[in-house]
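Here is how the chains run, residue by residue.
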Amino acid sequence: MKIGIDFGTSYSAAAAVIDGAVRTVAFGEERQFRTTVYFPEAVPDPSQFELTDALEAEVDSLVRNARSAQTRALNEAQARREQAARLPADQREAALALILAPAQRSETDLRRDAIRAVRRQWLEQQVREARASAASLQNAVYGEDAVEAYLSEGFGNLVQSPKSMLGYQLAPHVRQTIVGIAGYILEHIRLSASQQLGANVRSAVLGRPVQFRSSLGAAGGDQALAILTEAAAGAGFDEVEFLEEPVAAALGYHAQSAHRHRTLVVDIGGGTTDITLAEVGGAQAPVVLGSWGIARGGVDVDLSLSLSRFMPLFGKGATRVPAHHFVEAATVHDVVRQRDFQRRDAYREVDAPFGPRLIALQQTGNTTRLSRAVESTKIVLSGASDSRAELDYIERGLALASSADDLAQAADPFLGYLTELLAEVGAQIGEPPAAVFLTGGMSRAPYVRETVRRCFPQAKQVAGDASLGVVSGLAFAAARVG
Ligand SMILES: Nc1ncnc2c1ncn2[C@@H]1O[C@H](COP(=O)(O)OP(=O)(O)OP(=O)(O)O)[C@@H](O)[C@H]1O
Ligand SMILES: [Mg+2]
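Residues numbered from 1 in each chain as written. Chains lettered and ligands numbered in written order. Predicted model: local features only at pLDDT ≥ 70, side-chain atom pairs only at ≥ 80, totals over all residues. Heavy atoms only, no water.

### Comments concerning the domain arrangement of the protein chain
(1) Moving on: Each assigned domain of the protein chain is listed with its residue range as follows: domain 1 (2–43 + 141–258 + 468–481), domain 2 (47–133) and domain 3 (299–406).
(2) Moving on: Of note, the centres of domain 1 and domain 2, computed from C-alpha atoms alone, are 55 Å apart. (Domains from an automatic or database assignment.)

### A few points about the pairing of strand 9 (residues 239–244)
(1) Moving on: Two elements, strand 8 (residues 203–208) and strand 9, share 6 bridges in a ladder whose sense is parallel. Pairing of Leu206 across the sheet is with Phe242, part of strand 9.
(2) Moving on: With helix 6 (residues 218–234) bridging strand 8 and its parallel neighbour strand 9, the resulting β-α-β unit is right-handed. (Pairing = 2+ DSSP bridges. Helix = DSSP H or I, 4+ residues; strand = E, 2+ residues; numbered from the N terminus. Right-handed = clockwise from strand over helix to strand, strands pointing away.)

### Considerations on the nonpolar core
(1) Moving on: The biggest cluster of nonpolar side chains holds 53 residues, and the ones touching the most others in it are Met311, Phe314, Leu391, Tyr447 and Val448.
(2) Moving on: When residues of this core are assigned to their parent elements, the largest contribution, 10 residues, is made by helix 13 (residues 404–429).
(3) Moving on: In contact with Met311, not counting residues within four places along its chain, are Ser306, Lys316, Phe326, Ala329, Ala330, Leu361 and Leu370.
(4) Moving on: Judged by nonpolar contacts, the second largest core, of 39 residues, contains Ala14, Val25, Val37 and Ile189. (Core = buried A, V, L, I, M, F, W, Y, C linked by side-chain atoms within 4.5 Å. Buried < 20%, exposed > 50% of the residue type's maximum accessible area, 1.4 Å probe, protein only. Contact = heavy atoms within 4.5 Å.)

### Re the sheet that holds strand 7 (residues 157–160)
(1) Moving on: Taken together, 3 strands build an open sheet; the order of strands is 6-5-7 and the sheet is antiparallel. Here the strands that pair on one side only, and so sit at the sheet edges, are strand 6 (141–142) and strand 7.
(2) Moving on: Inspection of the sheet shows strand 5 (residues 36–39) paired to strand 7 by 4 bridges, in the antiparallel sense. When the sheet's bridge partners are listed, Tyr38 is paired in strand 7 with Leu158.
(3) Moving on: Here helix 4 (residues 144–153) sits on the sheet in contact with strand 5, strand 6 and strand 7, set at roughly 40° to strand 5.
(4) Moving on: The strands touched by helix 5 (residues 172–197) are strand 5, strand 6 and strand 7; relative to strand 5, the strand with the most contacts, the crossing angle is about 105°. (Axes fitted to C-alpha atoms, helices over the stretch in contact; angles between N-to-C directions.)

### Notes on the site of ligand 1
(1) Moving on: Taken together, 20 residues are adjacent to ligand 1, and Thr9, Ser10, Lys163, Glu375 and Gly441 come closest.
(2) Moving on: Within the backbone of Gly270, a nitrogen or oxygen atom sits 3.0 Å from an oxygen atom of ligand 1.
(3) Moving on: Separating an oxygen atom of ligand 1 from a backbone N or O atom of Thr272 is a distance of 2.9 Å.
(4) Moving on: Bound to the protein, ligand 1 loses 93% of the 660 Å² it would expose on its own.
(5) Moving on: Looking at which element gives the most residues to the shell around ligand 1, the answer is helix 12 (residues 366–380), with 3 residues. (Near = heavy atom within 4 Å. Polar contact = N/O pair within 3.5 Å; in protein donor to acceptor, adjacent residues only side chain to side chain. Areas by Shrake-Rupley, 256 points an atom, 1.4 Å probe, with all protein chains shown as cover.)

### Observations concerning helix 14 (residues 446–455)
(1) Moving on: Tyr447, Val448, Thr451 and Val452 are the residues of helix 14 that are buried. Seen end-on, helix 14 carries its buried residues on one side only, within an arc spanning 140°.
(2) Moving on: Buried residues belonging to helix 14 abut strand 10 (261–268), helix 8 (298–310), helix 12, helix 13, strand 15 (435–439) and strand 16 (460–463). (Arc of directions from axis to C-beta.)

### What about empty space enclosed by the protein?
(1) Moving on: Using the criterion set out here, one finds 2 cavities of 30 Å³ or more in the structure.
(2) Moving on: Here the largest cavity is characterised by a volume of approximately 40 Å³.
(3) Moving on: Contributing to the lining of the largest cavity are Val436, Val452, Arg453, Phe456, Ala459, Lys460 and Gln461.
(4) Moving on: Going through the elements one at a time, helix 14 and strand 16 are the ones with two or more residues in the lining of the largest cavity.
(5) Moving on: Its residues assigned to classes, the lining of the largest cavity comprises 4 nonpolar, 1 polar and 2 charged.
(6) Moving on: Along the walls of the second largest cavity sit Thr9, Lys163, Ser164, Pro209, Phe212, Arg213 and Thr272, which together make up its complete lining.
(7) Moving on: Residues belonging to the lining of the second largest cavity are distributed by class as follows: 2 nonpolar, 3 polar and 2 charged. (1 Å grid on protein atoms, 1.4 Å probe; cavity = no way out; pocket = protein on both sides within 12 Å on 5 of 7 lines; lining within 4 Å. Points joined across faces, edges and corners; volume = space filled by probe spheres on them. Nonpolar A, V, L, I, M, F, W, Y, C, P; charged D, E, K, R; others polar.)

### Concerning the pattern of salt bridges
(1) Moving on: By the definition in use, this model includes 21 salt bridges.
(2) Moving on: Between Arg34 and Glu144 there is a salt bridge whose closest N-O contact spans 2.9 Å. One end of the pair, Arg34, is in strand 4 (residues 33–34); the other, Glu144, is in helix 4, and 110 residues separate them in sequence.
(3) Moving on: Exposure remark for Arg34: the relative accessible area of 12% places this residue in the buried category.
(4) Moving on: Classification of Glu144 by relative accessible area gives partly exposed; the value is 34%. (Salt bridge = Lys/Arg side-chain N within 4 Å of Asp/Glu carboxyl O.)

### Digging into the environment of Asn200
(1) Moving on: Among the structural elements, Asn200 can be located in the loop between helix 5 and strand 8.
(2) Moving on: Accessibility expressed as a relative area gives 49% for Asn200, which makes it partly exposed.
(3) Moving on: Sequence spacing of Asn200 and Lys2 is 198 residues, and the spatial spacing of their C-alpha atoms is 9.4 Å.
(4) Moving on: Setting aside residues up to four positions removed in sequence, Asn200 forms contacts with Met1, Arg190 and Ser194.

Laid out in structure tokens, this is it:
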């Protein structure tokens, strides 16, 4: 059986067409899951250390070695002293001064050092073993559960929105890791689909944005497709095809449209905004007339809101902490940037309250907590005029109130890009479409709908299923080609 897979920046979903109807694959209670995976690379509890007989023998051997090294050093020093004593009187003092007295450590000290060394080796071994076992599917946790597990465990690796990384310059080992992570996610989808659909799923139509988020231009898109193809093969798919996400959404909309009309499908997701113009509806097959896309989406609004509202609480604009530190802290999908931020030890110098808050932000899980707070502020402000984020994990009693105006300012650059794209599309297609079909999570935001309406005032606006618009169409495509 062939399924459709929407591997999204923020959320992923899968579906198949069975007896003419779309059947979505469930992930827990939901029909999509956050594109996030947690590997509990268990850092062992040092208090579990116990001197077993084998470790005791290692301690003894280390003590023996240290004792003989100490005796050797003492003997050598003694020999050199005797040699110096035989020198002429005027040279004797200077030569003696050069001979350092070796440390004479007690048995207790030698044993304490040996135990320390054995314990350190034991810990390293535990970490290695945990790492080896964490690299298996059974230990990975997906979706919201992944975030929950990471925050409650306080260790391990959380990988969020790996799709955002596919088009970037990647060191070979990072590329390999990302292939592996995308592979885990695709395998999770394949196994869930196989189990629920009662068939061994081995082929899929995978959605792809018109433009991947990329730092490498068009080559970034090629790299992204190569990584996904490799990942799918590793996940047990014998065959994958790619279909542009807005084209898929057009197929889904076609299936629910009785009358033939020219429609502009606008899919505004977490990472990208994708558009397709198509003739859909009625008995004839849909005809795709063109596609456009930009690598901008909901996460850009999040970043902008984080920098304009949240980061000033950490000293942005009020301290000499370089601006890029705040960007790194806010870019939770980029494991390398996260590590750079977490490892920096410059914030002790920064005045209170900012220094202590930055240090708190560096603690495991806190950039993730903050990014969730930013996203939920954005979502709340889609439907309310005020929102309050509690930031107790940074500082007791710390909270941030934001207003719809704050969000409007933060969303402004994104809406500017969206307007520009829609204007370009409008200019290219000439006659306006009869309908604009909206899908993607960001299409829930009233300010996004309003922007689209202003660009195509004559078109009827159709609100599609914001979460499942793309995956339904991918399922139709899979049924057709399969
Ligand atoms: N009510 C809402 N108001 C504003 N934004 C919302 C709302 N609901 C979801 N979003 C945003 O929608 C985005 C996710 O949309 P979606 O699930 O379509 O993305 P995706 O398919 O994972 O990403 P992409 O297609 O770009 O790879 C997130 O940025 C999320 O914060
Ligand atoms: Mg999407």
